[in-house]
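The residues making up each chain are set out below.
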Amino acid sequence: MYSFSLPQHNTNLATNCAVNDKLDDELVFYLIEIEWVVDRHTYSAFRFYESITTYIAPRKPLSLNNFISDFLPAIIFYYATAILVVTPKTLPARLALLPITLWAAFRAATQLDFSAGYEFSERLVYINQGLVLAMVTLSIRVITWTFRIQPYQRFKSTNTPMDALDLCFNLRGIGWSWSNGLRIPKENRPTSKPSFIWHCFFRMVSLLVLFDFLHFTIQYLIPETYENAHGATIFLPTLPIIQRYLLAWLVTFMGGLVVCSAIQIIYLLQTIIAVGLLRHEISQWPRSFDRPWLATSLNEFWALRWHQVFRDMFVSFGAKPLTYLTGKAGGVFGAFLVSGVLHDLGLWGMGRGTDSPRVIGYFVLNGVGVLLEHVWKKVTGNRVQGVWGWVWMLFWVVGLGIQLVEAWSLRGLIGSKFLPESWRPGRLIYQVLGLVN
């Protein structure tokens, strides 16, 4: 390690120049050493991530025995950590429980195959993708909870076990002390519970029709994505290059709407159960999206209009640590990096490997786009907005998203079966239009 100090004042210019040159040389060597250390640790971290994601362990079909031995412990320890984080003076207990919980989550994510034993099981591996996403989310949350100094507080507390149960399912922190900065979309749905539940039900059904219609359309436009359960490219080699990319971008745009619809369907089902059966208040279940297609900047898209389900995770686990180490720019990269790793690990859960350059790269590049918007505002004094802001947003979200959708398609996600073929609304619509038999 190099050490140096500022030279004392000297009236001899030549002496000062020599001292300054020596200082500059030492500073350069010092910075080179820092860069080498950072690069070495970054490379080591990448190699470690690559080594654990290229290994695909054989999984066991789900049964009652391994559900109890391999899946249930992660849920129990997750709930136990939730109880501890709402209870004062439990930091030592949380620290002791953390490695056990992480090991249980790892076992659940890598030992069980939720798709095995079903007909067309190769088209159901997205269930394992959901399993891995759930276990990674669980792991990030318990790590965040473990190092919390002050206990979480629920504004309308009932009792510790019920508060902990709500915390386990409350990813956005609505009604809790830890949801600072969360933006809730403006509410325009019915305020009476019966009308609200019916509204959510009809909304869920309409989104299910839209979801399957778009999914079927993608499979219709690129039949290889459906014919090959293990995946196919969205870039049709038989088309001229311009038409090839235009079709791929159309598929990317529809793929984004499919994802948006799927998240809302799951969220609306949870809303109906929570409000209708568990007697939650309507205010606890605001809309998940705020019309993201209307965003006129990348920052508005990700920070305000896209769903905020994982916001606390990305901020606590990615943005805050890197903001502390490298400043605001590092915080932005940290949030998008955690998002990229989460989605890449979910892809790994399908048992067909990861695609880090496409998946993590997409989210990190969107972080670059957000930072460029901050630079634009600092230089010009104006926010990115208006029609050109909307075009800018589409470039980063859809234009670069073509590689993200390609990664999903190559691993068979587009060829997945979400509904029995005879029940698909998309197929029925195409049959009515005379496009398929």
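Residues numbered from 1 in each chain as written. Predicted model: local features only at pLDDT ≥ 70, side-chain atom pairs only at ≥ 80, totals over all residues. Heavy atoms only, no water.

**Some details on unusual backbone geometry**
And then number 1: If you check the backbone angles, Arg-279 has positive phi at about 65° while not being a glycine.
And then number 2: If you trace the backbone, Arg-279 turns up in the loop between helix H8 (241-276) and helix H9 (298-305).
And then number 3: According to the relative accessible area criterion, Arg-279 is exposed, its value standing at 71%.
And then number 4: Even without a glycine there, the phi angle at Arg-291 is positive, about 45°.
And then number 5: By the secondary structure assignment, Arg-291 is in the loop between H8 and H9. (Helix = DSSP H or I, 4+ residues; strand = E, 2+ residues; numbered from the N terminus. Buried < 20%, exposed > 50% of the residue type's maximum accessible area, 1.4 Å probe, protein only.)

**Topic: the environment of Gly-181**
And then number 1: Here Gly-181 is to be found in the loop between helix H5 (160-169) and helix H6 (193-221).
And then number 2: Distance from Gly-181 to Arg-311, taken between C-alpha atoms, is 9.7 Å for residues 130 residues apart in sequence.

**A closer look at the UniProt feature "transmembrane region" (unreviewed entry) in the protein chain**
And then number 1: The feature "transmembrane region" (unreviewed entry), as given by UniProt, occupies residues 67-86, 93-112, 124-147, 196-218, 246-269, 359-376 and 388-408 in the numbering adopted here.
And then number 2: In this annotation, residues 67-86 is assigned 95% helix and 0% strand; the end-to-end C-alpha distance for the span is 28 Å.
And then number 3: In the segment residues 359-376, helix accounts for 100% and strand for 0%; the C-alpha atoms at its two ends are 26 Å apart. (UniProt positions renumbered as here; feature names shortened; annotations may be inferred.)

**Let's talk about the nonpolar core**
And then number 1: Ile-234, Val-251, Phe-301, Trp-302, Phe-363 and Val-397 are the most contacted members of the largest nonpolar core, which totals 54 residues.
And then number 2: Contributing elements (two or more residues each) for this core: H6, H8, H9, helix H11 (328-348), helix H12 (356-380), helix H13 (386-399) and helix H14 (401-410).
And then number 3: Per-element accounting of this core gives the leading share, 12 residues, to H8.
And then number 4: Not counting residues within four places of it along the chain, the set of residues in contact with Trp-302 comprises Gln-308, Phe-336, Tyr-362, Phe-363, Asn-366 and Val-397.
And then number 5: In terms of nonpolar packing, the next biggest core, distinct from the first, is built from 35 residues, Ala-74, Val-136, Leu-138 and Val-338 among them. (Core = buried A, V, L, I, M, F, W, Y, C linked by side-chain atoms within 4.5 Å. Contact = heavy atoms within 4.5 Å.)

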